[in-house]
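The chain contents come next:
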Amino acid sequence: MVHPDTELRYVNDHIGWGVFATRPIPRGTIIWALDTLDQKFTPDEVAALPFYARAILDKYAYIDARGRHILCWDHARYFNHSCAANCLSLGYDFELAIRDIGPGEELTDDYGTLNPLAPFPCLCGAHDCRSHVLPDDFTRLGDHWNTAAREAFFLIPSVSQPLWPVVSELPEIEAALDDPNRLRSIHSHYRARTSARLVG
Ligand SMILES: [Zn+2]
């Protein structure tokens, strides 16, 4: 479920739709959490789908560390990629705002964290745009993402969290806040290609 202070807006004909903040969303805010209505497909289930359904998953789903396609039921599925994403996860089933996000600003993920099956060109316009998003971006950028998301994680208790009732990992959050050594790494999201069953 995506944060309530967001809405779907049409960006342009090239990008299509995107998710935008309607109010200020401070750094450390949980902006999305996996919920019971999100659909989860194993690789075998994906392989058994008709072509049109697989095309929908290719466009809108992300792949978790277990190789499952996750299709969000709400407008979270319209998060666009940015090489300077303002939202990241840290190995949990939720994402954080890693910077303050202003009203009207688009919320973005780095698709490199979402286990893409194939490279794709990027024209995100970020100052440090990588020009391509690659399936193994984790190996080069994981530590950088980790640092950015860790700093935001410790702000979780200090900002409003409307998605708190949706988050299933509250004990894990409490444990990591008490003992930073128990904080997960973004690397735990990585689905290494050598063990992945390629689909699509
Ligand atoms: Zn880019």
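The shown structure was predicted, so the numbers you read here are calculated from the model rather than taken from an experiment. (Residues numbered from 1 in each chain as written. Predicted model: local features only at pLDDT ≥ 70, side-chain atom pairs only at ≥ 80, totals over all residues.)

A. Up close: the overall build of the chain. Of regular secondary structure, the chain possesses four helices and 12 strands. At 16 Å, the chain has a C-alpha radius of gyration in line with the 16 Å of a compact globule built from 200 residues. Across its three principal directions, the C-alpha atoms of the chain cover 45 × 35 × 35 Å. Relative to its 200 residues, the chain shows a buried fraction of 30%. Relative to all contacts within the chain whose residues are 6 or more apart in sequence, the contacts with residues 24 or more apart total 71%. (Helix = DSSP H or I, 4+ residues; strand = E, 2+ residues; numbered from the N terminus. Rg over C-alpha atoms; globule rule 2.2 N^0.38 Å. Buried ≥ 20, exposed ≤ 12 C-beta atoms within 10 Å, placed from the backbone. Contact = placed C-beta atoms within 7 Å.)

B. Region of interest: the sheet that holds strand 7 (residues 80-81). Read across the sheet, four strands follow the order 1-2-10-7 without closing on themselves; strand pairing throughout is mixed. Two strands in the sheet have a free side with no partner beyond their single neighbour: strand 1 (6-12) and strand 7. In this structure, strand 2 (residues 16-21) lies alongside strand 10 (residues 106-109), joined through two bridges in antiparallel fashion. Paired with Phe20 across the bridge in strand 10 is Glu106. (Pairing = 2+ DSSP bridges.)

C. Highlighting the confidence of the model for the chain. Mean pLDDT over the chain works out to 92, with 96% of the residues at or above the 70 mark. Below a pLDDT of 50 lies the segment residues 194-200, which in the model reaches 11 contacts outside its immediate sequence neighbourhood of four places, other chains included. (pLDDT = per-residue confidence, 0-100.)

D. How the structure looks around the sheet that holds strand 6 (residues 69-71). The strand order across the open sheet formed by three strands is 4-6-5, and the pairing between neighbours is antiparallel. Every other strand in the sheet has two partners, leaving strand 4 (39-41) and strand 5 (62-63) as the edge strands with one partner each. Examined bridge by bridge, strand 4 and strand 6 share three bridges and lie antiparallel to one another. Across the sheet, the residue bridging to Phe41 is His69, located in strand 6.

E. Spatial organisation of helix 3 (residues 137-153). The principal kink in helix 3, of about 35°, is found at Asp143. Taken as a whole, helix 3 has its buried residues at Asp137, Trp145, Ala149, Ala152 and Phe153. (Bend = angle between axes of the 7 residues up to and from the residue.)

F. Broad picture of the pairing of strand 1. Sheet topology note: the strand 1/strand 2 ladder contains six bridges and is antiparallel. For Tyr10, the partnering residue across the bridge sits in strand 2 and is Trp17. The antiparallel hairpin formed by strand 1 and strand 2 contains three residues in its connecting segment.

G. Summary view of the environment of Ile156. With respect to the element layout, Ile156 can be found in the loop between helix 3 and helix 4 (170-178). Linking Ile156 and Ile173, residues 17 residues apart in sequence, is a C-alpha distance of 8.8 Å. Discounting chain neighbours no more than four positions away, the residues touching Ile156 are Gly28, Gln161 and Ile173.

H. Up close: the nonpolar core. Counting residues in each nonpolar core, the largest one holds 39 residues, and the members touching the most others are Ile31, Cys87, Leu88, Leu96, Ala97 and Ala149. Those elements that provide at least two residues to this core are strand 2, strand 3 (30-33), strand 5, strand 8 (87-89), strand 9 (94-97), helix 3 and helix 4. With sequence-adjacent residues up to four places away left out, Leu88 is seen in contact with Glu95, Leu96, Ile98, Asp110, Thr113, Trp145, Ala148, Ala149 and Ile186. (Core = buried A, V, L, I, M, F, W, Y, C linked by C-beta atoms within 7 Å.)

I. Here's a closer look at unusual backbone geometry. Despite not being glycine, Asn115 has its phi angle at roughly 55°, a positive value. Residue position: Asn115 is located in the loop between strand 10 and strand 11 (120-121). For Asn115, a count of 23 C-beta atoms within 10 Å corresponds to the buried category. Positive phi is not limited to glycine here, since Ser131 has a value of about 75°. For Ser131, the location among the structural elements is in the loop between strand 11 and strand 12 (132-133).

J. Fine view of the environment of Ala175. One can find Ala175 in helix 4. For the pair Ala175 and Ser89, spaced 86 residues apart in sequence, the C-alpha to C-alpha distance is 17 Å.

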